[in-house]
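Okay, here's what each chain looks like letter by letter:
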Amino acid sequence: MTTAGLVPLPVTAGLPGGHGCVLEQDTTLWAAPGTEHVAHWLRSVLGAVYALPLPPGPAGRGVRLLLDDALAPEAYRLRAGADTGVEITGGSPAGVFWGAQTLRQLLGPDAFRRAPVHPGRAAEVPAVRIEDAPRFRWRGLLLDVARHFMPKDGVLRIVDLMATHKLNVLHLHLTDDQGWRIQIHRHPRLTEAGAWRPRTKLGHRASPLWDERPHGGFYTQDDLREIVAYAAARHVSVVPEIDLPGHSQAAIAAYPELGNTDVVDTAALGVWDTWGISPNVLAPTERVLRFYEEVLEEVLEIFPSPFVHLGGDECPKEQWRASAVAQARIRELGVGDEDGLQAWFMGHFARWLAARGRRMTGWDEILDGGRPLPPGVVVSSWRGYEGGLAAARAGHDVVVCPEQHVYLDHRQAPGDDEPVPLGFVRTVEDVHAFDPAPGELAAYPERILGAQANLWTEVVEDGRRADYQLFPRLAAFAEVVWSADRPDFPARLAAHLPRLAAFGVEHRPAAGPHPW
Ligand code: TNX
């Protein structure tokens, strides 16, 4: 084996023979300007587990972090040996950081712990020569923190696990019918009222696993700034999602005037206590547009991401059909019908974001009705690949995330003994076989930003269950988006699971489900 069980697999990895490199108390670390944060990361991780200080030293020996702009930005080269020490050269600081992730994997499972279990055990890097670069530039994970809130520490831990797997986009689904999780100073009731829901009803899928408990929580703006900064130091960018005009009952519960007040008594609505899609959607009025512009102004201050996701999915149109206000709007705007009204709604925010230098991203329903999207809009293709193909044909960038393949809330084996026997069966092997660009989509490589695995959390109530649903499938997914060729995955995964276990991940065991 030439690859030391690396996941994701590098483009080329060779063991040239000869002795490896032992990192010792006096091993120095030299960081080219711009890569100091990688040095800091290495010191904190390896310092904790091997008590290695890695003091700054000369450029000629020890561990060296270098830049070479002849390499692609996220590419890196890693060389280690008794004579060479460890040299990581990146096309940019991101490349150096991904090389540092590979270095940690080469050290073995203990490198994933937070304190030494065998004090004095040497940190030994095998002799290797690795050349590596990612297949896609958008290597994403969606975390739905709306259906079940994930406390800040849990999110930071997920960012660490993403970095370990060289994933680089965290899509935070911050709002939904069942909860609003981002503090907005201008509209404080969004979290004062919208972040808390009463006992959830069993909803449409009767199972003891559907929580039936009151639930809530939200991030302050400083919490989110901290998450953004923590992720940025790990070359993960955070894309916020504010879902509209559907999936908005929590906002309407906080501010009833956002809803279709001529057809429902929105003042009587609470945060939705049922899974599925609420019929209570935003009213298509100027007042609602202004409200959300005010929300987004605060969102843009927190999240520097060039992409801002505004949902656009699953917006039931019954209330707009029944509402005199909405119907008058359709006539006044000349948009034809309710689909046209939704296109107007999303188009307004796409242009609003573009005027502020950001690009709107939306679920593939933003293509429904066949009206052209404003330039620069990105489509998340989740209902299979069709939306992605239509978007690519129309000249739009695409993030591929079909529910049939990469919805990690769905079960990972057949049988009733999975903790959550929901949805399509997607085994770790299925995820590893996922093709982000099948058929005609392959003809538009320049339009495919990459792919994303989505963890929706109706049935994922806490971090333990998130671990179980994510792993090891997220490792398989990460390899799909990083590595064009990926032979011998089972053997490498077997070497990788002990790393996850040492980190403290309660992954699904290879032998079968946990008995809960
Ligand atoms: C579909 S993906 C949804 C989510 C659910 C998920 C459950 C998308 C745009 N909508 O709201 O949580 O299925 O698997």
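Here the structure is a predicted model, which is why all the values come from computation and not from measurement.

K.L.:
Any details on the overall build of the protein chain? Residues and values, ideally.
P.N.:
Along the protein chain, the regular secondary structure elements total 16 helices and 20 strands. Against the 2.2 N^0.38 benchmark of 24 Å for 516 residues, the protein chain shows a C-alpha radius of gyration of 24 Å, consistent with a compact globule. Seen through its C-alpha atoms, the protein chain measures out along the principal axes to roughly 80 × 50 × 45 Å. Every one of the 516 residues in the protein chain was classed for burial, and the buried ones make up 61%. Accessible surface computed for the protein chain: about 19,000 Å², of which carbon and sulfur atoms make up 55%.

K.L.:
Report on the sheet that holds strand β18 (residues 378-381), specifying residues and quantitative values.
P.N.:
Read around the closed barrel, eight strands run β9-β10-β15-β16-β17-β18-β19-β20, paired in parallel fashion. For this sheet, the mean angle separating the axes of adjacent strands, direction not counted, is 30°. Across the sheet, helix α10 (residues 338-354) lies against β15 (237-244), β16 (307-311) and β17 (359-363), angled at about 165° from β16, the strand it touches most. On the sheet, helix α11 (residues 386-393) packs against β18 and β19 (397-400) and is oriented at approximately 160° with respect to β18.

K.L.:
How would you sum up the site of the ligand? Please name residues and give values.
P.N.:
Surveying the vicinity of the ligand reveals the residues R147, H247, D313, E314, W363, W382, Y407, D409, H410, W456 and E458. Separating a nitrogen atom of the ligand from a side-chain N or O atom of E314 is a distance of 3.2 Å. In isolation the ligand has 370 Å² of accessible area, and contact with the protein removes 90% of it. Along the lines of polarity and charge, the residues of the shell around the ligand split into four nonpolar, two polar and five charged.

K.L.:
Describe the pairing of β19, naming the residues involved and giving the relevant values.
P.N.:
Side-chain alternation along β19 places D397 and V399 on one buried face and V398 and V400 on a second face that is also buried. The sheet contact formed by β18 and β19 spans four bridges and is parallel. What sits directly across from V379, in β19, is V398. At this point the chain moves from β18, through α11, to the parallel β19, and the crossover so formed is right-handed. Judged from the three bridges that link them, β19 and strand β20 (residues 448-455) form a sheet pairing that is parallel. If you follow V399 over to β20, its bridge partner there is G450.

K.L.:
Outline the pairing of β18, supporting the account with residue identities and numerical values.
P.N.:
Side chains of β18 alternate between two faces, with V378 and S380 and V379 and S381 buried alike. Sheet topology places β17 next to β18; three bridges connect them, and they run parallel. Paired with W363 across the two strands is S380, which belongs to β18.

K.L.:
Any details on the state of the cysteines? Residues and values, ideally.
P.N.:
Per the counting criterion, the structure on display carries zero disulfides. The cysteine C315 is free of any disulfide, with C401 supplying the nearest cysteine sulfur at 19 Å.

K.L.:
Report on unusual backbone geometry, specifying residues and quantitative values.
P.N.:
A cis amide bond links V7 with the next residue in sequence, P8, at an omega value of 0°. Along the chain, the position of P8 falls in the segment before β1 (12-14). Cis geometry marks the peptide bond from L244 to P245; its omega dihedral reads -5°. Among the secondary structure elements, P245 is positioned in the loop between β15 and α6 (249-254). Positioned with a positive phi, L54 is a non-glycine residue whose angle comes to about 45°. Counting through the fold element by element, L54 comes out in the loop between α1 (36-50) and β4 (63-67). In this structure L54 comes out as buried when scored by relative accessible area, which is 1%.

K.L.:
I'd like to hear about the environment of G450, residue by residue, with values.
P.N.:
Position of G450 among the secondary structure elements: in strand β20. Judged by relative accessible area, G450 falls into the buried class, the value being 0%. G450 sits 66 residues away from G384 along the chain, and the two C-alpha atoms are 15 Å apart. Contact partners of G450, with chain neighbours within four places excluded, come to F136, W138, V398, V399 and V400.

Conventions adopted
- Residues numbered from 1 in each chain as written.
- Predicted model: local features only at pLDDT ≥ 70, side-chain atom pairs only at ≥ 80, totals over all residues.
- Heavy atoms only, no water.
- Helix = DSSP H or I, 4+ residues; strand = E, 2+ residues; numbered from the N terminus.
- Rg over C-alpha atoms; globule rule 2.2 N^0.38 Å.
- Buried < 20%, exposed > 50% of the residue type's maximum accessible area, 1.4 Å probe, protein only.
- Areas by Shrake-Rupley, 256 points an atom, 1.4 Å probe, with all protein chains shown as cover.
- Pairing = 2+ DSSP bridges.
- Axes fitted to C-alpha atoms, helices over the stretch in contact; angles between N-to-C directions.
- Contact = heavy atoms within 4.5 Å.
- Near = heavy atom within 4 Å.
- Polar contact = N/O pair within 3.5 Å; in protein donor to acceptor, adjacent residues only side chain to side chain.
- Nonpolar A, V, L, I, M, F, W, Y, C, P; charged D, E, K, R; others polar.
- Right-handed = clockwise from strand over helix to strand, strands pointing away.
- Disulfide = S-S within 2.5 Å.

It is worth stressing that arrangement in space is one thing and function is another; only the former is reported here.
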